[in-house]
Amino acid sequence: MVASILILLSAIGVIGANSLLLSPLVTAVGADLQVSAAQVMQAASAYGLGVAFAAMLLAPLGDRFGAGRLLRVTLVFLVVGLAASALAPTLYALIAAQTLCGLAAGAALPSIYTLAVTIAPKGRESQTLGAVLTGWTVSLVLGVSLGAWITDHFGWRAVYTALSIGTALLWLFSTRLRNLGSSGDRTTSPLTALKVPGIKRGLLATVLLMLSFYITYFFIGAHVTVDLGLSTTKAGLVPLFYGIGFGLAVLADPILDRIGLERATAPVFLAITLTYVCMIALSGTFYGLLMVAALWGIFQHLGLNLLVARLTALDPSQRGAIMGLYSTATYLCIFAVPALGGLAYANWGLAGCLAVSAFLCLIEMFEAKGLRRPTAMAHVAPDASV
């Protein structure tokens, strides 16, 4: 099981690194392709659209053919997309390559989450899922930082070459996952997933958690550099501390298994809400923000763990379709954040963004309290032993 966890963790790490890399590499890529930074970021937008499209329409294939088989197929396409990104002679070639990467990632992520729950021993679902989720920490702490270093020494194309080679190795080592996650050739779709009892509330919880996170995450760097007048390097320490906290939270995941999904969710979202409130109080102090950013990462990890566990438990035979809806909702939130968060930041600064984030998590806390009622708990039984 450890080897499978490492493969799934690494797959998330590669996907996460690719999704985050263009921002720090934008100057180098723009200079090489002779285009502006804004034009380079069109590739990031194309990647996001690819993820949303594939998560909606391709992820359900995992329910029919098996999550393991789908993951291995998507890894092949991801290798091709990353290699094409490294070789892209023009901006449009880079956009096309990143679109392919997005399609692969959109189908791969739901498969990864499904497999994480599938391989978990009974009673250790949260612990296993939490270990796999640390792949996001790998992408944030190692992927982006190492990618920037490689770019400085070998150029931006070397970064995508390394990711492509790493993904190819993952495909080679993922053979044991090939026959996992199959549900008996059942044909599913977004429409069948939307009929699952509890899915609408689960997607509401997804939107509330993701909007609250990205509204603050997207604008905290601008607050550090513009409002506090500090360097970009110091602004980068905030996501670093967040990532460290997110990774350390894996130590607390076994507690979720003991407490249970129904009892743990509301307190965790209350903790996230209070974290945003603390950040409002400390927003004028850089080191105070760093301290709370680590706590933010810890509770965000626990909240994400519980959310994914809640969704995958609704109907094990439709996990691919359900997690596809989850990924689509996540990326739709990312598209909405610049407008919503920008309005809050323009009028009230980071404190406005934090207040909105806290309010959204508070709503989810009250929604999650309903999970403890017998009618709501029926939606997550019997597989929600997290």
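Rules and cut-offs
Note on numbering: residues in each chain are counted from 1, in written sequence order. In keeping with the model being predicted, local features are shown solely for residues with a pLDDT of at least 70 and side-chain atom pairs are shown and tallied solely at 80 or more, while totals for entire chains, interfaces and linings include all residues. Side-chain metrics in this entry use all non-hydrogen atoms of the structure; hydrogen atoms and water are not considered. Criterion for a disulfide: a pair of cysteine sulfur atoms at a distance within 2.5 Å. In this scheme, a residue with accessible area under 20% of its type's maximum is buried, one over 50% is exposed, and one in between is partly exposed, where area comes from a 1.4 Å probe on protein chains only. Where helices and strands are cited, they refer to DSSP runs of H or I of at least four residues and of E of at least two residues respectively, numbered from the N terminus. Residue contacts follow a heavy-atom distance rule, with two residues in contact if any of their heavy atoms lie within 4.5 Å. Throughout this description, the term salt bridge denotes a Lys or Arg side-chain nitrogen within 4 Å of a carboxyl oxygen of Asp or Glu. Classification of ring pairs rests on two measures: the distance between centres of Phe, Tyr or Trp rings, Trp counted by its six-membered ring, which must be within 6.5 Å, and the angle between planes, read as stacked under 30 degrees, edge-to-face over 60 and tilted in between. As annotated, the domain borders come from an automatic or database domain assignment. Polar contact criterion, stated in full: a pair of N or O atoms within 3.5 Å, where within protein one must be able to donate a hydrogen and the other to accept it, and residues adjacent in sequence count only if both atoms are side-chain atoms. Classification used: nonpolar for Ala, Val, Leu, Ile, Met, Phe, Trp, Tyr, Cys and Pro, charged for Asp, Glu, Lys and Arg, polar for all others including Gly. As a per-residue measure, pLDDT reflects the predictor's confidence and takes values from 0 up to 100. Throughout, the bend at a residue refers to the angle made by two axes, fitted to the seven residues ending there and to the seven starting there. For the purposes of this section, nonpolar cores are sets of buried Ala, Val, Leu, Ile, Met, Phe, Trp, Tyr and Cys residues that join through side-chain atoms within 4.5 Å.

Colleague: So what's going on with the state of the cysteines? Residues and values would help.
Modeller: This structure, assessed with the given rule, holds zero disulfides. No disulfide involves Cys361; its sulfur sits 12 Å from that of Cys333, the nearest cysteine. Note on Cys361: relative accessible area 1%, which makes it buried.

Colleague: Summarise the environment of Ala97; cite the residues concerned and give the values.
Modeller: Among the secondary structure elements, Ala97 is positioned in helix H5 (residues 91-119). Measuring from C-alpha to C-alpha, the distance between Ala97 and Ala313 comes to 34 Å, with 216 residues separating the pair along the chain. Ignoring any residue separated from it by four or fewer positions in sequence, one finds Ala97 in contact with Gly81, Ala84 and Ser85.

Colleague: Describe the pattern of salt bridges, listing the residues and the values that go with them.
Modeller: Two side chains of opposite charge can pair, provided their charged atoms sit close to one another. All told, the structure shown has four salt bridges when counted by the stated rule. Ionic pairing is found between Glu364 and Arg310, a salt bridge with its closest N-O pair at 3.6 Å. Of this pair, Glu364 sits in helix H16 (residues 319-369) while Arg310 is found in helix H15 (residues 286-312), placing the two residues 54 residues apart along the sequence. Residue Arg310 is classed as buried on the basis of its relative accessible area of 5%. Among the ionic pairs, Arg310 bridges to Glu367, the shortest N-O distance being 2.7 Å. In this pair, Arg310 is assigned in helix H15 and Glu367 in helix H16, connecting sequence segments 57 residues apart. The class for Glu367 is buried, based on a relative accessible area of 11%.

Colleague: Account for the side chain of Ser164, naming residues and giving values.
Modeller: Locating Ser164 in the fold gives a position in helix H8 (residues 156-173). Residue Ser164 is classed as buried on the basis of its relative accessible area, which comes to 8%. Leave out the neighbours within four places in its chain, and Ser164 touches Val79, Leu82 and Ala83.

Colleague: Tell me about the packing of aromatic side chains, and please be specific about residues and values.
Modeller: Following the criterion strictly, the structure yields 14 aromatic pairs and no others. Pairing Phe213 with Trp296 gives two aromatic rings, centres 5.4 Å apart and planes at 45°, and the pair type is tilted. Separated by 83 residues along the polypeptide, Phe213 in helix H10 (residues 199-227) and Trp296 in helix H15 bring together distant segments of the chain. Using a relative accessible area of 1% as the deciding quantity, one classes Trp296 as buried. Centre to centre, the rings of Phe286 and Tyr287 are 5.3 Å apart; their planes meet at 70°, and the pair counts as edge-to-face. Note on Phe286: relative accessible area 7%, which makes it buried.

Colleague: Outline the environment of Ala55, supporting the account with residue identities and numerical values.
Modeller: Tracing the sequence through the fold places Ala55 in helix H2 (residues 37-57). Sequence separation between Ala55 and Ile244 is 189 residues; the distance between their C-alpha atoms is 28 Å. Every residue in contact with Ala55, bar those within four places of it in the chain, is listed here: Pro60, Gly106, Gly324, Leu325, Ser327 and Thr328.

Colleague: Lay out the domain arrangement of the chain in plain terms, naming residues and giving numbers.
Modeller: Considered domain by domain, the chain is made up of domain 1 (1-180) and domain 2 (191-373). Here domain 1 and domain 2 have C-alpha centroids that lie 21 Å from each other. Contacts between the two partners involve 31 residues from domain 1 and, on the opposite side, 32 residues from domain 2. For the interface between domain 1 and domain 2, the tally reads zero salt bridges. Inspection of the region where domain 1 meets domain 2 yields ten residue pairs in polar contact (both at pLDDT 80 or more). With eight residues, H2 is the largest single contributor of residues to the side of domain 1 that touches domain 2. Classifying every residue of the side of domain 1 that touches domain 2 gives 18 nonpolar, ten polar and three charged.

Colleague: Mind laying out unusual backbone geometry, listing which residues take part and the relevant values?
Modeller: Even without being glycine, Gln34 reaches a positive phi, approximately 60°. Structurally, Gln34 can be placed in the loop between helix H1 (2-33) and H2.

Colleague: Talk me through the confidence of the model for the chain; I want residue IDs and the actual numbers.
Modeller: Averaged over all residues, the pLDDT of the chain equals 87, while 94% of them reach at least 70. When the criterion is pLDDT under 50, residues 374-386 qualifies, and its contacts beyond four places in sequence or with other chains add up to 34 contacts.

Colleague: How would you sum up H1? Please name residues and give values.
Modeller: Roughly 70° is the biggest bend found in H1, and it falls at Leu25. Where H1 ends, the next residue or the one after it, Gln34, has phi of about 60°, a positive value.

Colleague: Would you mind going over the nonpolar core in detail, with residue names and values included?
Modeller: Among the nonpolar cores identified, the biggest contains 114 residues, and Leu8, Ile112, Tyr113, Tyr276 and Tyr326 are the most heavily contacted of them. Here this core takes 19 residues from H16, the largest share from any one element. Counting residues domain by domain, this core receives three or more from each of domain 1 (1-180) and domain 2 (191-373). Ignoring sequence-local partners within four residues, the contact set of Tyr276 consists of Ser212, Phe213, Thr216, Trp296, Gln300, Leu354, Ser357, Ala358 and Cys361.

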